[in-house]
Amino acid sequence: MQVPFLVSLFCLLTVFSPPCQAQVSKISCDMLIVGGTESGWAAAIQAARMNVEKIIIVHDGEWLGGQYTEQALACVDENKGTGHVGWGVDWHPMKRSFHRSGLFKELMDRIEAFNTQKYGSPMPGLPYHGPSTFRPAEAEAIFRDMLQPYLDSGQVTFITQQYPVRADVMPSKDHPRLTGLWFAKVGEKAPDLHVEAKMTIDASDWGEAIQVSGAAFEYGPDPPERYGEPSAPVDAPVNEMNPITWAMIVAESEGETPIEKPKHFDDRNYPRATHFSQKEFRDLKWDVKNPGMGAIAHWPDAGVESKRQLSVYSVRRIVDGYTSRDGKTSILLNYMNGQDYPLERLPQRVVDQLEATETGASTKNLVVMTREQRQIVFEDAKQHSLGVLYHLQNYVHERASDKTNSFRNFHLSDEFGTAGNLPPKPYIREGLRLKAMYMMREQDGRNRDGETKTNAKPRFANVMYPDGLFAWQFHYDFHRTGRTYLADEGNSGPWIDYHKPNRHTQFLSDRSVFPLRSLIPETMDGLIGAQGNVGNSSIVSAAIRLHDQRVHIGQAAGATAAVSLQTGEQPRGYPYQRERLEAIRNGLCGENENAIPLLLWPFRDMDASDPAFVAVNRLAALGILPMGPREVDFRSHDSAEEKWMQDVIERSQLDVKIPNRSVTRGDFCELVWTRLKEQGWGQLEFKRQTPTDADGDGILDRDDALLFTPNEPVEFRIEREPLTPETDGVPGIVDGKLILAIDYCGANIKPTKGFQQDGGELFDKSRGYGWRRNLTANHRKRGVVKGPQDSFLFTRQQDTWELSLDSGEYLVEFCVGDSDHEQLQQAVTVEGKQVVKKETTSAGHFREGRVSIEVTDGLLTVEIGSGVNGSNTCLNWLRVIQQ
């Protein structure tokens, strides 16, 4: 849904009308930040460091920190992708994409130092989901402490429990300008605070400054025709969004401390909560077929609590009491197997309450509901979340044989100071989207190695925006957005959530950058977006909502506003002005001894402590460093090759001599960067063809991802890597004496010349080879290519093939893959040596393996299959060679 820009006569008149009821306090400032979220906090610190004199944060709560604190997301989720920088669980193909940088690193360093002092470890939770955890109240104190110097100096003022109710807008035909906002106390409607500001940043949860200003915004699913995204849903309801979740922090008690039974509780709401729940309720009939019934373990048995493991207890454990100094375990309960609250098909009780406030309110998107209407939804979401804990403390507790770590021995933490000990706000995954100068689209950044992330390899995004301000990467992470009810009880009975088509976690972005244009409204001046209120599609918003990303967005917004205030210009011209764009980047990634620079370019190996970090990032963002799409490591300490240095000089258009001594790549970047700063940006200035089409390619700037590179409209296409001798599946020349060659083609298929047939039959001594389990039904012949790679035997479990073979040393060669389909998480072990470990092959690409082994028992043993859910190992052929 898009709300067009509109400033009504009524709005303009009310701006100048005298306030009714409460007396209004009036203050003025340079920068107004709406929302003390992590983005608002970061914007304030960034602007203060760039010498903005008077900054006011107005927040609708008490706590700074947004999802870290008020929303209780106490287990950090960071940029993730393929490859490995830092920590990542072994089972998951996604690992941390980048080294920490910017204000996010400053924050996490402080949090982890506090954890070390109090708990004895920087990462005391040992969670399965991620490395870094914290108690929300302790994190809030760190947010406040980092802001405190600017509060003490008077540079920043923090006002709480207020929300915007109307705006001052200076009318203009082309670009109306927001000049101030009126605020009311939370729970009231009449304004009692009027703030005039030269620039406003909307870092609120629901884009409330954007809404009252009349700036254009979007919400809900984007139809395919809006942005041409490949996975955009068709005919999705306007109120469908990534679900909210009311997270809970539970802390270990001295004895049993069960909670009271929540309103509307029914155990049947939680069939995925644990394996006990799944066993009892998996056969319930829902009005949507096959909603999926995965579940995880409840809690570990005594004695094995502290290891990283997948259970409700340990997936997002904050502090492990068995290994920490204070000896008390605390846990974040925020998991999608029963706690998420979808926003479509609301329960009848919620529908009735909403409709009583306004006809049609129950079908409105949460973004455009009134605060009172949202609260009705929130209260039901709270009860649903409490139901998970009640289910664990009772139903699951009664069935668990080992109750040592039962949730019945935990209580809701009182650190929030709320009446029910729940966090003040739900976890908000998706909200308002600012209609910005450019709306990021799925096809700009989605990985092109295959349909899903299982086939992804490290690479830069197809589109690297020329006005990028920071690096990001994640999957397009949709929790279950649909809601289904028991078929015979309707929407007055129990419900569960389910994944709607293309609303899942299987699509991955490549290593991307965030464009300046996505912070700036398409038409409204005096306003910059932050937090989730930025220019991207619904799909892209699912990938840019993590802890580090929201801090980076706030920094970028604060730097943009600071440059605007310094120059007295509106920032909409900055994507076209090299000097202004570089001034923003300098605020984010410059030589500032009191700040950690922010990663601008998504290199995997660049650490903020590297002396060349600033130079490398700034030159990369300028397009001066030559690199291929898969050169994700910069290799700062490697020797610089002469040709590479010459390329850098040509791209920079500088008069720089290649050193007559050996230098590293990082050293050379510092040399070039120093010279570039001395000379200025003149030779790198953007050349704008027309006011609406900068590169003259016929694509209007509002839809042109690459402003200064003539191109066709960006479309998503899978890009296959060229076949190599290691990936073409074709058996090579035998190096030694061929003992046996097997074509796993199936019983009724003629084997390739020189190969013997295996159709999946059981081991037969007279034949000398076969399987421990009958796999005769598990074969395919594709008819796509010629050779043994065109057919295969497959297993989605784990199976074993054996060959009678004299004791001795051999070379075993084999091939897995599929000539016509992607195959996931394949595994092969030969004589105990794992050669292929959870590897995915794309259609027409194969994984060939070679391993030297020794047979000592008269049998060659080959095990195939990873056993991972959704995996499929496809064995094409095998050869045994004596060298």
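An account of the accompanying structure is given in this report. (Residues numbered from 1 in each chain as written. Predicted model: local features only at pLDDT ≥ 70, side-chain atom pairs only at ≥ 80, totals over all residues. Heavy atoms only, no water.)

Side note on the side chain of H504
Piece 1. Summarising the element assignment, H504 is placed in the loop between β20 (495–498) and β21 (512–515).
Piece 2. At 3.1 Å, the side chain of H504 forms a polar contact with the backbone nitrogen of Q506.
Piece 3. Those residues within four positions of H504 in sequence are excluded, and the remaining contacts are Y476, D477, F478 and H499. (Helix = DSSP H or I, 4+ residues; strand = E, 2+ residues; numbered from the N terminus. Polar contact = N/O pair within 3.5 Å; in protein donor to acceptor, adjacent residues only side chain to side chain. Contact = heavy atoms within 4.5 Å.)

Some remarks on the nonpolar core
Piece 1. Counting 130 residues, the largest nonpolar core has W41, L519 and L625 as the members making the most contacts within it.
Piece 2. At 8 residues, helix α12 (residues 547–567) tops the list of elements feeding residues into this core.
Piece 3. With near-sequence residues (within four places) excluded, W41 lies in contact with L64, L103, L107, F143, M146, L147 and V551.
Piece 4. Ranked by size, the runner-up nonpolar core spans 73 residues in total, among them V34, I56, F281 and V312. (Core = buried A, V, L, I, M, F, W, Y, C linked by side-chain atoms within 4.5 Å. Buried < 20%, exposed > 50% of the residue type's maximum accessible area, 1.4 Å probe, protein only.)

With respect to the environment of P262
Piece 1. Within the secondary structure, P262 is located in the loop between β12 (248–252) and α7 (275–281).
Piece 2. The class of P262 is buried, set by a relative accessible area of 7%.
Piece 3. For the pair P262 and Y390, spaced 128 residues apart in the sequence, the C-alpha separation amounts to 7.6 Å.
Piece 4. Excluding its chain neighbours within four sequence positions, the residues that come into contact with P262 are Q383, L386, G387 and Y390.

Some details on the pairing of strand β18 (residues 468–472)
Piece 1. With 5 of its 5 residues buried, β18 lies for the most part within the structure.
Piece 2. For β18 and β21, the ladder comprises 4 bridges, and the chain directions are antiparallel. Each residue of the ladder has a partner; that of A471, found in β21, is V513. (Pairing = 2+ DSSP bridges.)

Notes on the sheet that holds strand β16 (residues 410–412)
Piece 1. Ordered by their spatial adjacency, 4 strands build an open sheet running β13-β14-β12-β16, and the pairing between neighbours is antiparallel. Of all the strands in the sheet, the pair left with one neighbour each is β13 (317–319) and β16. Shown here is a sheet whose adjacent strand axes are inclined to one another by a mean of 30°, direction ignored.
Piece 2. Pairing geometry for β12 and β16, over 3 bridges, is antiparallel. Residue pairing across strands places V250 opposite L412, the latter belonging to β16.
Piece 3. Against the sheet, helix α9 (residues 371–399) touches β12, β14 (330–333) and β16, its axis set at about 30° to β12. (Axes fitted to C-alpha atoms, helices over the stretch in contact; angles between N-to-C directions.)

A short note on the packing of helix α8 (residues 348–357) against α9
Piece 1. Two numbers describe how α8 lies on α9: the axes approach to 10 Å, and their chain directions differ by 165°. Classified by the interaxial angle, the pair formed by α8 and α9 is roughly antiparallel. Viewed along their axes, α8 and α9 form a crossing whose handedness is right-handed. Taking contact as the criterion, the partners of R349, V350, Q353, L354 and T357 in α8 are, on α9, Q373, I376, V377 and D380.
Piece 2. Residue composition of the contact of α8 with α9, grouped by class: 4 nonpolar, 3 polar and 2 charged. (Parallel < 35°, antiparallel > 145°, perpendicular 65-115°, else oblique. Left-handed = near helix turned anticlockwise from the far one by under 90°. Nonpolar A, V, L, I, M, F, W, Y, C, P; charged D, E, K, R; others polar.)

As for the pattern of salt bridges
Pairing of side chains with opposite charge becomes possible as their charged atoms draw close.
Piece 1. In total, this model carries 70 salt bridges according to the counting rule given.
Piece 2. Linking E138 and K118 is a salt bridge whose minimum nitrogen-to-oxygen distance equals 2.6 Å. Pair noted here: E138 is in helix α4 (residues 136–153) and K118 is in helix α3 (residues 102–119), with a separation of 20 residues, a long-range link.
Piece 3. Residues R268 and D266 are paired through a salt bridge, measuring 2.8 Å at the closest nitrogen-oxygen approach. (Salt bridge = Lys/Arg side-chain N within 4 Å of Asp/Glu carboxyl O.)

Considering the side chain of H59
Piece 1. You can see H59 is positioned in the loop between β3 (55–58) and β4 (80–81).
Piece 2. Since its relative accessible area comes to 1%, H59 is described here as buried.
Piece 3. Within the structure, H59 has its side chain in polar contact with the backbone nitrogen of G36 (distance 2.8 Å).
Piece 4. Polar contacts involving the side chain of H59 include one to the side chain of E70, which spans 2.9 Å.
Piece 5. Setting aside chain neighbours within four positions, we find H59 in contact with G35, G36, T37, E70, F158, I159, T160, Q161, Q162 and K425.

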